[in-house]
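# Chain and residue survey
Each chain is listed here by its residues.
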Amino acid sequence: MGKDLAAAYSVAQQTFDEADAALGYKLSQLCFEGPEEKLKLTEITQPAILTVSVAAFRVLREKGITPAFVAGHSLGEYSAHVAAGTLNFADAVRAVRNRGKYMQEAVPVGEGAMAAILGMASDEVRKVCQEAAQDGVCSPANLNSPDQTVISGSKSAVKRAAELAKSRDAKKAVMLAVSAPFHCALMQPAQARLAEDLRKLNFQPMQVPLIKNIDAEPTSDPVNAREALIHQVTGAVQWVNSMRKLIELGAEAFVEVGPGKVLSGLMRQIDRSQSCLNVEDEASLQKTLQSSVLSPQS
């Protein structure tokens, strides 16, 4: 991840160097060379994705492409804060390392679960979760698109909800291979620990508005934005409404930075008429820079 950007652009290499110094180990080497098993540990995955995302953003900025708004899905909200100037990158990379650690430690391995429910309206998914919860926890975690809602909670309750959804004509209900049940009430211990960390950090005035995961509303207030980061640990990611809010605010082009094209895929499900580009490596960077929908400083 990020290896060819770091090789081609000094600002990308500097981003990896900053991450290595902030964390006290060679995150860059893990991103460039693996092993994959180690990258899958959430306290390494989170700073790795953040670092690649910020490296890609900085290269774009160097090329004259700057955002009018920012938003990030779950962990991506930290990348959005770095892009908005709210958070210092070194602070952000340490914060997400701890976020990963706290989330992993909040629930004993094997006790939590997540599942993707496809082809069922989010209101129906919410009802299924309420029925399945019984003596456990089960709730929508990521409202990703009109066709896809991820649920999270106690393993038995999530399994019940997945079976209920299938019996009620959901197109598909798939248990996900995750290390912990993110974005649900079981993450309360992680939220409390992360709140202490984030309240010690210096959140700067925001250079551009950010659309918050927790309520899909824009903010330019760093204190409000910090509280939203805290509450998203147990709260659902309101991604559909976040994208609709950006469209309502006049956004004309969406650029996904960082590894993969998951958000671009979700946008096709939310509104196929929107122009969506991504930057994760040199090839995708050049394609984005050559796109007719982007112009410098827009």
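Our structure is the block above this text.
This write-up is about the structure you can find in this document.

Cut-offs used in this document
Here the residue numbering is sequential within each chain, running from 1 through the sequence in written order. Where local features are concerned, this predicted model is filtered to residues with pLDDT of at least 70; where side-chain atom pairs are given and counted, the filter is 80 or more; whole-chain, interface and lining totals use all residues. Side-chain figures throughout are based on the complete set of non-hydrogen atoms in the structure, without hydrogens or water. Only buried residues count toward a nonpolar core. Its members are Ala, Val, Leu, Ile, Met, Phe, Trp, Tyr and Cys residues joined through side-chain atoms within 4.5 Å. Burial classes follow relative accessibility: with a 1.4 Å probe on protein chains only, a residue under 20% of its type's maximum area counts as buried, one over 50% as exposed, and anything between as partly exposed. Two residues form a contact once any of their heavy atoms are found within 4.5 Å. The term salt bridge refers to a pairing of a side-chain nitrogen on Lys or Arg with a carboxyl oxygen on Asp or Glu at a separation within 4 Å. Secondary structure elements follow DSSP: runs of H or I of four or more residues count as helices, runs of E of two or more count as strands, with numbering from the N terminus. Pairing between two strands requires that DSSP report at least two bridges joining them. Exposure above 30% relative accessible area and the absence of a salt bridge qualify a residue for a patch, where like charges join within 9 Å and nonpolar side chains (Val, Leu, Ile, Met, Phe, Trp, Tyr) within 5 Å. Note on areas: Shrake-Rupley, 1.4 Å probe, and residue coverage restricted to the protein chains presented here. A pair of cysteine sulfur atoms is labelled a disulfide when the two atoms are within 2.5 Å. In this description, the arc belongs to the directions extending from the helix axis to the C-beta atoms.

The biggest cluster of nonpolar side chains holds 57 residues, and the ones touching the most others in it are L50, Y78, M187 and L198. Excluding residues that lie within four positions of it along the chain, Y78 makes contacts with L50, L87, A95, V96, R99, L194, L198 and L229. Judged by nonpolar contacts, the second largest core, of 18 residues, contains A113, C138, A161 and A173.

Before going further, it helps to examine the pattern of salt bridges. This model, assessed by the stated rule, comprises 14 salt bridges. A salt bridge links K40 to E36; the shortest N-O distance between them is 3.7 Å. A relative accessible area of 60% places K40 in the exposed class. Connected through salt bridges with shared partners, the residues K101, E105 and R193 form a single ionic network.

What follows is about the pairing of strand 4 (residues 148-154). The buried count for strand 4 comes to seven of seven residues, which makes it a mostly enclosed element. Alignment of strand 3 (residues 138-145) against strand 4, held across six bridges, turns out to be antiparallel. The residue of strand 4 that forms the bridge with N142 is V150. Here strand 3 folds back onto strand 4 in antiparallel fashion, the turn holding two residues.

Among the surface-exposed residues, V174, L176 and V178 lie close enough to one another that they form a single nonpolar patch of about 190 Å² accessible area. Counting through the fold element by element, V178 comes out in the loop between strand 5 (172-175) and helix 10 (188-198).

So, about the state of the cysteines. Under the counting rule described, the total for this entry stands at zero disulfides. Counting only cysteine sulfurs, C138 is the nearest neighbor of C129, a cysteine outside any disulfide, at a range of 3.7 Å.

What follows deals with helix 10. Along helix 10, the positions that sit buried rather than exposed are A190, Q191, L194, A195, D197 and L198. The buried residues of helix 10 occupy an angular sector of 160° when projected down its axis, which confines them to one face. Tucked into the core, helix 10 has its buried residues touching helix 6 (76-84), helix 7 (89-106) and helix 11 (222-231).

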